[in-house]
Amino acid sequence: MQTTFRQYWPLTKPRVVALIVFTAFVGMLLAVPGIPPWRALLFGNLGIWLAAASAAAINHLIDQRIDALMARTQHRPLPAGHLSGTQVLVFAVGLGAASMLILVLWVNMLTALLTFASLIGYAVIYTAYLKRATPQNIVIGGAAGAAPPVLGWAAVTGEVDPHALLLFLIIFIWTPPHFWALAIFRRDDYARAEIPMLPVTHGIPYTRWHVLFYTVLLFLATLLPWITGMSGVFYLGGAVILNLVFLYYAVRLLNPPNDYFAMEVFKYSIVYLMALFAFLLVDHYLLPAAKVAVTFS
């Protein structure tokens, strides 16, 4: 039983899915002034997690040929021969069906539909087509990965709010510099698998400049929650610091000290997104408390 669990668990891409669920969870908390209803928190996060895990498993299934060619992925369950394609398909469909059932019965239909669209967007449109069709694959396909905050918001309110779309925009713009940094480091793998990632099709210098361009664009996008009144100065201060560090990494990447530096940029981008959403969350609960303190002082 333990061996079986160890075989199936990597199919869910737990680290990636954890970041997805975290941003969805923050979207839920930002949707209302206080604490969201427990049903939305519990079943919403569970449904979104199951859908993301299902999409990850489908990604494993579709990418098994190229995974076998890449050093980073050749030890995954399918190329390593630990599981069959049928087993992975049944597992993925089961997770997806459970996700939809939970979201329809205990959350709301809008969240279920949006979550299903995100699942199809990543698992089918991006993985099966865009990934192999264009060097802009991660830009176009990034829409599916940017959806979780909107899903979380919809789970609590039953609607898509403009502020939720701001969160979507931030992750959408964050995705290219995040992934292109990894693609620079793993460019030989992608070339071997004939995947047209930007460093493979247009070269590393071109990709480095695009990382910088999107990092600047990201800096501007992350100011929007403060500009629109969604967040206050606490978030603004945190966002500025995080963006200045990201800009340092992006500029340094133009003339990196070593080949591993691109991987350092990739790792920082993950810390960046988690910290940015944490600042949003703390600011959301900090400001009302500060206002109450001023009122009673």
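Data block above holds the structure.
For the structure given in this document, a descriptive report is provided here. Residue numbers run consecutively from 1 along every chain, following the written order of its sequence. Two thresholds apply to this predicted model, a pLDDT of at least 70 for residue-level local features and 80 or more for giving and counting side-chain atom pairs, whereas whole-chain, interface and lining totals are computed over all residues. Neither water nor hydrogens contribute to the side-chain values; these are computed over all heavy atoms in the structure.

Things to note about the overall build of the protein
For helices the rule is a DSSP run of H or I covering at least 4 residues; for strands it is a run of E covering at least 2, with both sets numbered from the N terminus onward. For the protein, the helix and strand inventory stands at 15 helices and zero strands. It is over C-alpha atoms that the radius of gyration is taken, and the globule rule equals 2.2 Å times the number of residues to the power 0.38. The globule rule puts the C-alpha radius of gyration for 297 residues at 19 Å, and the 20 Å found for the protein is close to it. Expressed along its principal axes, the backbone C-alpha trace of the protein runs to roughly 65 × 50 × 30 Å. Buried residues in the protein amount to 52% of all 297 residues. Across the protein, every contact between residues at least 6 apart in sequence was considered, and the portion connecting residues at least 24 apart equals 74%. Residue exposure ignores everything except the shown protein chains as possible cover, and the areas themselves are Shrake-Rupley values with a 1.4 Å probe. Surface summary for the protein: the accessible area is close to 13,600 Å², and the carbon and sulfur share equals 71%. In the protein, which carries 16 positive and 10 negative side-chain charges, the distance between the mean positions of the two groups comes to 5 Å. Buried residues are those whose accessible area, probed at 1.4 Å on protein chains only, stays under 20% of the maximum for their type, while exposed residues exceed 50% and partly exposed ones sit between those limits. Residue contacts follow a heavy-atom distance rule, with two residues in contact if any of their heavy atoms lie within 4.5 Å. In this count, Lys and Arg are taken as positive residues and Asp and Glu as negative ones, while His and the chain termini are left out. Each charge is placed at NZ for Lys, CZ for Arg, CG for Asp and CD for Glu.

Let's talk about the pattern of salt bridges
Salt bridges are defined by distance alone: a side-chain nitrogen of Lys or Arg within 4 Å of a carboxyl oxygen of Asp or Glu. Scanning the model with the defined rule gives four salt bridges in all. The salt bridge involving D63 is made with R132; its shortest N-O contact spans 2.7 Å. Of this pair, D63 sits in the loop between α3 (38–62) and α4 (64–67) while R132 is found in helix α6 (residues 109–133), placing the two residues 69 residues apart along the sequence. Linked by salt bridges that have partners in common, D63, K131 and R132 make up one network.

Some details on the layout of surface pockets
Every definition here rests on a 1 Å grid over the protein atoms only: cavities are sets of points where a 1.4 Å probe fits but cannot get out, pockets are open sets enclosed by protein on both sides within 12 Å along at least five of seven lines, and lining residues have some atom within 4 Å of a point. Grid points are joined across faces, edges and corners, and a volume is the space filled by probe spheres set on the points. Put simply, the largest pocket is a space of about 1,400 Å³. Considering the residues around the largest pocket, the lining is formed by 48 residues, among which K13, V16, Y122, H178 and F179 are closest to the centre. Among the secondary structure elements, those contributing two or more residues to the lining of the largest pocket are α2 (14–30), α3, α6, α7 (137–145), α8 (148–157), α9 (162–185) and α15 (261–296). Considering only residue class, the lining of the largest pocket consists of 28 nonpolar, 11 polar and nine charged. Any residue outside Ala, Val, Leu, Ile, Met, Phe, Trp, Tyr, Cys, Pro, Asp, Glu, Lys and Arg is labelled polar, Gly included; the first ten of those are nonpolar and the last four are charged.

Looking at the packing of helix α12 (residues 204–221) against helix α14 (residues 233–254)
It is the contact of α12 with α14, at a shortest axis distance of 9 Å, that shows an interaxial angle of 165°. Comparing their axes, α14 and α12 come out roughly antiparallel. Along this stretch, α12 crosses α14, giving a crossing that reads as left-handed. Contact residues: α12 offers R208, W209, V211, L212, T215, V216, L218 and F219, while α14 offers V240, N243, L244, F246, L247, A250, V251, L253 and L254. Convention adopted: a line fitted to C-alpha atoms gives each axis, helices being fitted over their contacting stretch, and angles between N-to-C directions are expressed from 0 to 180 degrees. Each angle is binned into one of four classes, with values under 35 degrees roughly parallel, values over 145 roughly antiparallel, values of 65 to 115 roughly perpendicular, and all other values oblique. The sense of a crossing depends on the near helix, which, turned anticlockwise from the far helix by less than a right angle, makes the crossing left-handed and, turned clockwise, makes it right-handed.

Section: unusual backbone geometry
A positive phi angle, near 45°, is found at K13, a position not held by glycine. Note that K13 resides in the loop between α1 (2–8) and α2. Judged by its relative accessible area of 16%, K13 falls in the buried class. A positive phi angle, close to 60°, is found at E194, a residue other than glycine. Judged by its relative accessible area of 66%, E194 is exposed.

Let's talk about the packing of aromatic side chains
Each aromatic pair joins two rings of Phe, Tyr and Trp (for Trp, the six-membered one) with centres within 6.5 Å, and gets the label stacked for planes under 30 degrees apart, edge-to-face for over 60, and tilted for any other angle. One pass over the structure, following the stated rule, counts 17 aromatic pairs. Between the aromatic rings of Y248 and Y249, the centroid separation amounts to 5.6 Å while the plane-to-plane angle is 70°, which identifies the pairing as edge-to-face. Their ring planes at 20° and their centres at 5.0 Å tell us that Y249 and Y268 sit as a pair that is stacked. Within this pair, whereas Y249 is found in helix α14, its partner Y268 is found in helix α15, the two being separated by 19 residues in sequence. When its relative accessible area of 18% is taken as the criterion, Y249 is described as buried.

A closer look at the nonpolar core
Each nonpolar core is a collection of buried residues, namely Ala, Val, Leu, Ile, Met, Phe, Trp, Tyr and Cys, held together in the definition by side-chain atoms within 4.5 Å. Grouped together as the largest cluster of nonpolar side chains are 78 residues, with contacts concentrated most on W174 and Y272. For this core, the leading source of residues is α9, giving 13 residues. In this structure, Y272 is in contact with W174, L218, T222, L242, N243 and F246, ignoring residues within four places of it in sequence. Formed by 13 residues, the second largest nonpolar core is a distinct cluster that contains A55, A57, I58 and A123.

Looking at the side chain of S54
Mapping S54 onto the fold places it in helix α3. Ignoring anything within four residues of it in the chain, the contact list for S54 reads A92, L95, G96 and L119.

Here we look at α2
Expected span, for any helix, means 1.5 Å times one less than how many residues it has. With 17 residues, α2 should cover 24 Å at 1.5 Å per step; its first-to-last C-alpha distance of 24 Å lies within 8% of that length. Looking at α2, one finds that the buried residues are V17, L19, V21, T23, A24, V26, G27, M28, L29 and L30.

Considering the environment of N108
With respect to the secondary-structure elements, N108 resides in the loop between α5 (85–106) and α6. Not counting chain neighbours up to four residues away, the residues in contact with N108 comprise L103, A154, A155 and G158. Here a polar contact is taken to be a pair of N or O atoms separated by no more than 3.5 Å, where protein atoms must pair a possible hydrogen donor with a possible acceptor and residues adjacent in sequence count only if both atoms sit in side chains. In this structure the side chain of N108 is engaged in a polar contact, spanning 3.3 Å, whose partner is the backbone nitrogen of L110. Polar side-chain contacts of N108 include one of 2.9 Å to the backbone oxygen of A154.

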